[in-house]
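Read off the chains here:
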Amino acid sequence: MAAREPMSPARRRQLIVGLVVGLLVGLGISLWTGFWLWLATGIAVGLAAGAIMKPPGEDDAPPRR
């Protein structure tokens, strides 16, 4: 069984940025429409986008052995 590698700082920052952006977008849409569940939807979409995208500069790194 392969050992899990710790999360890189770039990946952690990306997840935090996704969470914050999702929170802001969800809050804005929920205030605009008056439907509070858009806040939870925005957070979920922000976390998903942060988890799916590759951190910048990951393609430039040398291959791991």
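Nothing here was measured: the structure is a model prediction, and the numbers come from that model.

Quick look at the UniProt feature "transmembrane region" (unreviewed entry) in the chain
(1) Moving on: This chain's UniProt record puts "transmembrane region" (unreviewed entry) on residues 12-29.
(2) Moving on: Between the C-alpha atoms that bound residues 12-29 the distance is 26 Å, and the span itself is 100% helix and 0% strand.

Examining a nonpolar patch on the surface
(1) Moving on: On the surface, a nonpolar cluster with roughly 980 Å² of combined accessible area is contributed by V17, V21, V25, I29, W32, F35, W36, L37 and W38.
(2) Moving on: If you list the elements that add at least two residues to the nonpolar patch, you get α1 (9-33) and α2 (37-52).
(3) Moving on: Ranked by residue count, the leading element in the nonpolar patch is α1, at five residues.
(4) Moving on: Inspection of the secondary structure puts V17 in helix α1.

Thoughts on the packing of α1 against α2
A pair of packed helices can be characterised by two numbers: the angle between their axes and the separation between those axes.
(1) Moving on: At their nearest, the axes of α1 and α2 sit 7 Å apart, and the two run at 155 degrees to each other. Classed by the angle they form, the pair α1 and α2 counts as roughly antiparallel. α1 and α2 meet at a crossing whose hand is right-handed. Of the residues in α2, those in contact with R11, Q14, L15, G18, L19, G22, L23, G26, L27, I29, S30 and T33 of α1 are W38, L39, G42, I43, G46, L47, A49, G50 and A51.
(2) Moving on: A per-class count over the contact of α1 with α2 returns eleven nonpolar, nine polar and one charged.

Looking at the side chain of S30
(1) Moving on: Following the sequence through the fold, S30 ends up in helix α1.
(2) Moving on: Excluding residues that lie within four positions of it along the chain, S30 makes contacts with F35, W36, W38 and L39.

Description of α2
Think of an α-helix as 3.6 residues a turn; residues three or four steps apart then line up on the same face.
(1) Moving on: In this model, α2 (16 residues) spans 23 Å end to end at C-alpha, consistent with the 22 Å of a helix rising 1.5 Å per residue.
(2) Moving on: Where α2 is buried, its residues touch α1.

Here's the deal with the side chain of Q14
(1) Moving on: Among the secondary structure elements, Q14 is positioned in helix α1.
(2) Moving on: Residue Q14 is classed as buried on the basis of its relative accessible area of 11%.
(3) Moving on: Beyond its immediate sequence surroundings of up to four residues, Q14 is in contact with A49, G50, M53, K54, P55 and P56.

Calculation criteria
Residues numbered from 1 in each chain as written. Predicted model: local features only at pLDDT ≥ 70, side-chain atom pairs only at ≥ 80, totals over all residues. Heavy atoms only, no water. UniProt positions renumbered as here; feature names shortened; annotations may be inferred. Helix = DSSP H or I, 4+ residues; strand = E, 2+ residues; numbered from the N terminus. Patch = residues over 30% accessible without salt bridge, like charges linked within 9 Å, V, L, I, M, F, W, Y side chains within 5 Å. Areas by Shrake-Rupley, 256 points an atom, 1.4 Å probe, with all protein chains shown as cover. Salt bridge = Lys/Arg side-chain N within 4 Å of Asp/Glu carboxyl O. Axes fitted to C-alpha atoms, helices over the stretch in contact; angles between N-to-C directions. Parallel < 35°, antiparallel > 145°, perpendicular 65-115°, else oblique. Left-handed = near helix turned anticlockwise from the far one by under 90°. Contact = heavy atoms within 4.5 Å. Nonpolar A, V, L, I, M, F, W, Y, C, P; charged D, E, K, R; others polar. Expected span 1.5 Å × (residues − 1). Buried < 20%, exposed > 50% of the residue type's maximum accessible area, 1.4 Å probe, protein only.

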